[in-house]
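This is what each chain is made of:
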Amino acid sequence: MPELPEVETTCRGLAKVLIGKKITEIKTLRSGLRIPFPEDLSKYMNGTKVISVSRRAKYICINLSNGYVLIIHLGMSGRIIIGKKEYVLNLHDHFIINLSNSQKIILNDPRRFGLVTILNTDEMESSKFFRNIGQEPLSDDLTPELLCSKLKHKKIAIKLALLDQKIISGIGNIYACEALFRAGISPKRKSNSISYKRASKLVNSIKLVLTEAIKAGGSSIKDFVHPDGELGYFATKWRVYGREGEPCLCNHQKNVLIKRIIQSGRSTFFCPACQR
DNA sequence: CACTCTCCCTGAAAGC
DNA sequence: TGCTTTCAGGGAGAGT
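Residues numbered from 1 in each chain as written. Chains lettered and ligands numbered in written order. Predicted model: local features only at pLDDT ≥ 70, side-chain atom pairs only at ≥ 80, totals over all residues. Heavy atoms only, no water.

(A) Structural view of helix H1 (residues 4-18). For H1, which comprises 15 residues, the first-to-last C-alpha distance of 20 Å matches the rise-based estimate of 21 Å (1.5 Å per residue) to within 8%. Summarising burial for H1: 13 of the 15 residues are buried, a large majority. Looking at the residues trailing H1, positive phi occurs at Gly 20, about 85°. (Helix = DSSP H or I, 4+ residues; strand = E, 2+ residues; numbered from the N terminus. Expected span 1.5 Å × (residues − 1). Buried < 20%, exposed > 50% of the residue type's maximum accessible area, 1.4 Å probe, protein only.)

Here you go:
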């Protein structure tokens, strides 16, 4: 489930492989994913060089020498594979980039919730993909003051506010649960009841869980690339996510079990004793 | 406008 | 054992 940390490590891995390389050919193996592949993708990509790889929210941005940027979203099940010349296609490989050094970048996505598109770099921020996206949680833009001002008029539960990409970008279900646990805040608490003190704790927790996950990705994968070429996925030990019925890991509560509830159709895991 | 619900899709896991 | 059902989730768009 690629959220910000997985996308970030994928970008760092891609940067190592892609920067300075020339794209010789691209292949689309179906008409599209969540949205159709742009018809004239080859026209924009063939013969260009990769200048840099960046991330915005959960989007991978591959910046090309001709002023365009290839946008990849991994959706829910998407993954990027670095393949050699002799790479054999697998089920659910949908999009391939061939490089001049005969390496290949493969997008594999069983559930096809991902997307691939291309934008003019100057128009990227104002495009429909990015114009409503909130602050990057790891940038200095995300402050307790900013979070407070965004939550002040919201009646929705804080967990749902964290999932709203217009408020903060890049947080998904797992890290929303983990950040709330670290901050000791109930996922059910109304957004407009978050005090400055709680917002401050929450901002710290968000930055902490995301930073730790990126660090885990970098250290558990050699140079951000698995031996099989896969990027961005790594085992993280979560404190609440997926731990329904298991004891809370805090020191001061005994025999308190992690609970699972459904909020807007999504599972939320939390400790009813630690989180208020 | 604010918010919730449904849908897209496949594969793993649970249920029968 | 083997079939069927359920569940997972990001984001768009429909519905309340």
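(B) Structural detail: the pairing of strand E8 (residues 115-120). Of all 6 residues in E8, 5 are buried, a share of seventy percent or more. By the bridge criterion, 6 bridges tie strand E4 (residues 68-73) to E8 in an arrangement that is antiparallel. Following the sheet pairing, Ile 72 is matched in E8 by Val 116. (Pairing = 2+ DSSP bridges.)

(C) Here's a closer look at the sheet that holds strand E1 (residues 23-28). Spatially, 4 strands are ordered E1-E6-E7-E5 in an open sheet, and the strand pairing comes out antiparallel. At either margin of the open sheet sits one strand with a lone partner, and together these are E1 and strand E5 (79-83). Ignoring which end each strand starts from, the neighbouring axes of this sheet average 15° apart. Sheet analysis places E5 next to strand E7 (residues 104-108), joined by 5 bridges and oriented antiparallel. The residue bridging Gly 83 from the neighbouring strand is Lys 104, located in E7. (Axes fitted to C-alpha atoms, helices over the stretch in contact; angles between N-to-C directions.)

(D) Geometry of the domain arrangement of chain A. Looking at chain A, the domain boundaries give domain 1 (4-123) and domain 2 (144-270). Its C-alpha centre places domain 1 at a distance of 28 Å from the equivalent point of domain 2. Listed per partner, the contact involves 19 residues of domain 1 and 21 residues of domain 2. Across the interface of domain 1 and domain 2, roughly 1,700 Å² is buried in total on both sides, 66% from carbon and sulfur atoms. It is Pro 5, Glu 6 and Thr 9 that lose the most area in domain 1 upon contact with domain 2, and together they represent 30% of the buried surface on that side. Viewed at the interface, domain 2 and domain 1 are joined by 0 salt bridges. One can count 4 residue pairs in polar contact (both at pLDDT 80 or more) joining domain 1 with domain 2. Sorting the residues of the side of domain 1 that touches domain 2 by element identifies H1 and E5 as the ones contributing at least two each. Element by element, the count of residues in the side of domain 1 that touches domain 2 is highest for H1, at 10 residues. Residues that form the side of domain 1 that touches domain 2 fall into these classes: 7 nonpolar, 5 polar and 7 charged. (Domains from an automatic or database assignment. Contact = heavy atoms within 4.5 Å. Buried area = accessible area lost by both parts, 1.4 Å probe. Salt bridge = Lys/Arg side-chain N within 4 Å of Asp/Glu carboxyl O. Polar contact = N/O pair within 3.5 Å; in protein donor to acceptor, adjacent residues only side chain to side chain. Nonpolar A, V, L, I, M, F, W, Y, C, P; charged D, E, K, R; others polar.)

(E) Just the pattern of salt bridges, in detail. Tallied over the entire structure, the rule returns 10 salt bridges. Across the pair Arg 12 and Glu 8 runs a salt bridge whose closest N-O atoms are separated by 2.9 Å. Here Arg 12 pairs with Glu 8, and both are found in helix H1, just 4 residues apart, close to one helical turn.

(F) A look at the protein's contact with DNA strand C. Near DNA strand C lie 14 residues; those nearest to it are Arg 111, Phe 113, Tyr 241, Arg 260 and Arg 266. Atoms of DNA strand C within 4 Å of the protein belong to the sugar or the phosphate in 55% of instances, the rest to bases. Between a phosphate oxygen of DNA strand C and a side-chain N or O atom of Asn 173, the distance comes to 2.9 Å. Arg 266 is positioned with one of its side-chain polar atoms (N or O) 2.5 Å from a base nitrogen of DNA strand C. Class assignment of the residues belonging to the surface near DNA strand C gives a composition of 4 nonpolar, 5 polar and 5 charged. (Near = heavy atom within 4 Å.)

(G) Region of the structure containing the protein's contact with DNA strand B. By nearness alone, every residue bordering DNA strand B is listed as Leu 91, His 92, Pro 110, Arg 111, Arg 112, Phe 113, Lys 154, Lys 155, Ile 156 and Leu 160. Counted by atom, the contact set of DNA strand B within 4 Å of the protein is 68% sugar and phosphate. Within the side chain of Arg 112, one N or O atom sits 3.0 Å away from a phosphate oxygen of DNA strand B. Within the side chain of Lys 154, a nitrogen or oxygen atom sits 3.3 Å from a phosphate oxygen of DNA strand B.

(H) Spotlight on the packing of aromatic side chains. In total, this model carries 6 aromatic pairs according to the counting rule given. When the ring centre of Tyr 44 is taken as reference, the NZ or CZ atom of Lys 43 above it lies at 5.3 Å. (Phe/Tyr/Trp six-rings, centres within 6.5 Å; stacked < 30°, edge-to-face > 60°. Lys NZ or Arg CZ within 6 Å of the ring centre and 35° of its normal.)

(I) Spotlight on the sheet that holds E8. Here 4 strands make up an open sheet; going across it, the order is E2-E3-E4-E8 and the pairing antiparallel. One side of each edge strand has no neighbouring strand; the edge strands of this open sheet are strand E2 (50-56) and E8. Within this sheet the neighbouring strands show an average axis-to-axis angle of 20°, counted without direction. Those strands touched by H1 are E2 and strand E3 (59-64), and its axis lies near 175° from that of E2.

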